[in-house]
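Spelled out from the first residue to the last, the chains are:
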Amino acid sequence: MQDVFHRFIEQIAYGVDATDLRNALAEIASSLDLPSFAYLFPSPGKGRKVRLISTYPQSWTSHYLHSRYEKIDPVIHQARGGQEPFNWDAHGADLELSTQQRQLMDEATQFGIHCGFTIPIHDSTGVFAALTFASDERQPLAVLPPD
């Protein structure tokens, strides 16, 4: 496992663009036996549109961004409010979901996104990003110990 993370750090250090980052994240996801990842972050500059680097199906990411789901996504809300990585599943067992959030999670399962773990990323200027590794398995991932 240590070799996987060393390789990942090397790829990040020598990467020059979003494609290099996508390839490094895809490789580490594969090494962890996880089929997909999503890295959601604001673009630089005024208005700060949301950007997404992901191996999720293109039809899902386009729909997600077009619908501005980052504003209601319960995973993103939890990541914004904390700094600790966390497990989640599409059923939102530990969360009280609004009707819109339930719809979002139900739609995600149609694209094979059933559970995952998310690493919140906060910097000192208040910029936020979230890195999620997800699975199409219906059981929660055992990557992080239960709370």
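Residues numbered from 1 in each chain as written. Predicted model: local features only at pLDDT ≥ 70, side-chain atom pairs only at ≥ 80, totals over all residues. Heavy atoms only, no water.

Participant: Explain empty space enclosed by the protein here, please?
Facilitator: Evaluated as defined, the whole model comprises one cavity of 30 Å³ or more. One number sums up the size of the largest cavity: a volume of about 220 Å³. Considering the residues around the largest cavity, the lining is formed by 17 residues, among which A38, Y56, W60, Y64 and D73 are closest to the centre. Elements with a contribution of two residues or more to the lining of the largest cavity: strand 1 (36-42), helix 3 (58-66), helix 4 (74-80), helix 5 (99-110) and strand 5 (128-135). Broken down by element, the residue count for the lining of the largest cavity peaks at three residues, all from helix 5. (1 Å grid on protein atoms, 1.4 Å probe; cavity = no way out; pocket = protein on both sides within 12 Å on 5 of 7 lines; lining within 4 Å. Points joined across faces, edges and corners; volume = space filled by probe spheres on them. Helix = DSSP H or I, 4+ residues; strand = E, 2+ residues; numbered from the N terminus.)

Participant: So what exactly am I meant to see when it comes to the environment of R68 here?
Facilitator: The residue R68 is located in the loop between helix 3 and helix 4 in this model. Overall, R68 belongs to the partly exposed group, its relative accessible area being 47%. Sequence spacing of R68 and V50 is 18 residues, and the spatial spacing of their C-alpha atoms is 8.8 Å. (Buried < 20%, exposed > 50% of the residue type's maximum accessible area, 1.4 Å probe, protein only.)

Participant: What am I meant to see in the packing of aromatic side chains here?
Facilitator: How two aromatic rings sit relative to each other is given by the distance of their centres and the angle of their planes. Per the stated rule, a full pass over the model turns up six aromatic pairs. Both rings, one in W60 and one in Y69, keep their centres 6.1 Å apart while their planes meet at 40°; by these two values the pair is tilted. As far as the burial class goes, W60 and Y69 line up, both buried. Between Y64 and Y69 the ring centres are 5.9 Å apart and the planes differ by 80°, which places this aromatic pair in the edge-to-face class. Classification of Y69 as buried rests on a relative accessible area of 8%. Members of the aromatic cluster, connected to one another through ring pairs, are W60, Y64, Y69 and F111. (Phe/Tyr/Trp six-rings, centres within 6.5 Å; stacked < 30°, edge-to-face > 60°.)

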